[in-house]
Amino acid sequence: METTVGRHRRVIMFPLPYQGHVNPMFQLANLLYSKGFSITIFHTNFNKPKTSNYPHFTFRFILDNDPHDERYANLPLQGMGAFSRIILFNKCGADQLRHQLELELSAKDEPPVSCLITDASWHFAQSVADCLNLPRLVLRTSSLFCFLIYASIPFLDDLGYFNLSDNTATPLLDGLGYNNVPDDKRLEEQVAEFPVLKVKDVIKIGFKKDNDGMGDIISNMVKQTKASSGIIWNSFKELEQLQLETIRRDIPAPCFLIPFAKHFTTASSSLLDQDRSFLPWLDQQPRNSIVYISFGSVAQVEEKHFVEMVHGLVDSKQSFLWVVRPGFVSGSTWLEPLPDGFPGERGRIVKWAPQQEVLGHEAIGAFWTHSGWNSTVESVCEGVPMICSPFWGDQPLDARYVSDVWKVGVYLENGWKREEITNAIRRVMADEEMREKSRGLKQKLDASLIEGGSSYESVESLVDYISSF
Ligand code: UDP
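Residues numbered from 1 in each chain as written. Predicted model: local features only at pLDDT ≥ 70, side-chain atom pairs only at ≥ 80, totals over all residues. Heavy atoms only, no water.

A. Region of the structure containing the packing of helix α17 (residues 418-430) against helix α18 (residues 432-448). For the pair α17 and α18, interaxial distance at closest approach is 6 Å and the crossing angle is 65 degrees. Counting all contacts with α17, which are made through Arg 427, Val 428, Met 429 and Ala 430, the residues of α18 involved are Glu 432, Met 434 and Arg 435. Here the contact of α17 with α18 is composed, by residue class, of four nonpolar, no polar and three charged. (Axes fitted to C-alpha atoms, helices over the stretch in contact; angles between N-to-C directions. Helix = DSSP H or I, 4+ residues; strand = E, 2+ residues; numbered from the N terminus. Contact = heavy atoms within 4.5 Å. Nonpolar A, V, L, I, M, F, W, Y, C, P; charged D, E, K, R; others polar.)

What follows is the structure, given as structure tokens:
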């Protein structure tokens, strides 16, 4: 086992314990390791990484290590409620983080620590790092556009966008069915300050100024990201050029845009076991013939919406591979609500898949996604067009960009309606122009990775920057 031999600088990394945050942090860790840094990972017990997949890293438990600590017991594991843990850790974690960092900084048998890299949502880490004179970089796992919108939440709230959600649009977030929304024309209007968005996109974010713990997390995340020594994004310059210019104007910390999926897979950081048994079946399917369906690691649907999805899929008559995570349908353990005979010969259902590998498979013709940022970037990396069914947070913003700006997908913006699902699937599978645009985006991304390209330069300048501390 190689650990610190021949490695003269160490980076301490602290991911947020959710799949969509763990994956890019471990991809970044692999990248920095490949550039000669020694890696120490701080992690929680909740959603702890599979440490045996990383014999070359050092791991330290932090925050919820005491099984008798009642603060962390009985917190929800699925849906929006799962994030209550983040609120609590941010409130209570400073002393433990400081203590562990002090131990690392004084360790004689390890290389000296260059910097701390934490998820941007660990906002409490900034003041701890400041006290120890330790540079803290953040990994922001959403788009640059999402950061700009999150930074504008107080302003959008003052303009009254979120009041609308109290009155007419609450059902938008109520199970995300959208079916019972009163016919309020304002929801379809453009947001004057961000014309790419409709008012309902802003409401679907689901957090507003000071409304709850998540509102606070977002505003502190923005504040402490601005105060950090650098921001690493899972993205590439050609995808978000204007946003990058805006951020560079407003924030002194340097930005590094790296499309992680092009560097390392997420296979070893998967918290769930990836089922590979369907791959021989996938190998036999014609090129671009399969719809890959997955809604990420946290989202949940109501049973009636799940049934609507099934009907939309059946009526599209397309073949599919569907990841249905246990717990995805509220109130069910796994597939109980499925009608008899489904999926039949046309499809396969698995609990969890090697998503990047699947998206790179030539049989995949479209990705029906919840528009999580990792999933979106992974799809762009493979040139696969998307059908977007966002739930909350950054997802409605990503979906709007995919459909209206990059034009590499369709946004199912009225919720779970079988006819619309059928039409969207058929359209994306058949639309050659959209497929061509998806390929074009992938080509830009591939070009950015070649020496002299923007993503290549980002990696090099990040390594130089960390080495300069
Ligand atoms: N993923 C996976 N297998 C699956 C579904 C998802 O490995 O069956 C991975 C996917 O490749 C991505 C992550 O889980 O890296 C999900 O992150 P994303 O930001 O898309 O969504 P979140 O789970 O945070 O909502």
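B. Here's a closer look at the site of the ligand. Around the ligand sit 18 residues, and of these Ser 297, Ala 353, Asn 374, Ser 375 and Glu 378 come closest. One nitrogen or oxygen atom from the side chain of His 370 is found 2.9 Å from an oxygen atom belonging to the ligand. One of the side-chain N or O atoms of Ser 375 is found 2.5 Å from an oxygen atom in the ligand. Considering the ligand on its own, with 540 Å² of exposed area, one finds that the protein chains cover 94% of that surface. Its atoms largely coinciding with the cavity grid, the ligand occupies the largest cavity. Listing elements by their share of the shell around the ligand, those giving two or more residues are α1 (19-34), β10 (290-294) and α15 (373-382). The dominant element in the shell around the ligand, judged by the number of residues it contributes, is α15, at four residues. For the shell around the ligand, the per-class residue count stands at five nonpolar, twelve polar and one charged. (Near = heavy atom within 4 Å. Polar contact = N/O pair within 3.5 Å; in protein donor to acceptor, adjacent residues only side chain to side chain. Areas by Shrake-Rupley, 256 points an atom, 1.4 Å probe, with all protein chains shown as cover. 1 Å grid on protein atoms, 1.4 Å probe; cavity = no way out; pocket = protein on both sides within 12 Å on 5 of 7 lines; lining within 4 Å. Sits in = over half its atoms within 2 Å of the grid points.)

C. The nonpolar core, seen in detail. Of all hydrophobic cores here, the largest spans 128 residues; its most connected members are Tyr 150, Phe 306, Met 309, Trp 322 and Trp 368. The element best represented in this core is helix α5 (residues 144-151), accounting for seven residues. Contact partners of Trp 322, with chain neighbours within four places excluded, come to Ile 293, Phe 295, Phe 306, Met 309, Val 310, Leu 313, Phe 342, Arg 348, Ile 349 and Val 350. In this structure, Ile 41, Tyr 54, Cys 115 and Ile 258 belong to the second largest nonpolar core, which totals 28 residues. (Core = buried A, V, L, I, M, F, W, Y, C linked by side-chain atoms within 4.5 Å. Buried < 20%, exposed > 50% of the residue type's maximum accessible area, 1.4 Å probe, protein only.)

D. Spatial organisation of the pairing of strand β2 (residues 38-43). Counting buried positions over the six residues of β2 gives six, a clear majority of the element. Of the two faces of β2, the one carrying Ser 38, Thr 40 and Phe 42 and the one carrying Ile 39, Ile 41 and His 43 are both buried. The pairing of β2 with strand β3 (residues 58-61) spans four bridges and is parallel. Following the sheet pairing, His 43 is matched in β3 by Phe 61. (Pairing = 2+ DSSP bridges.)

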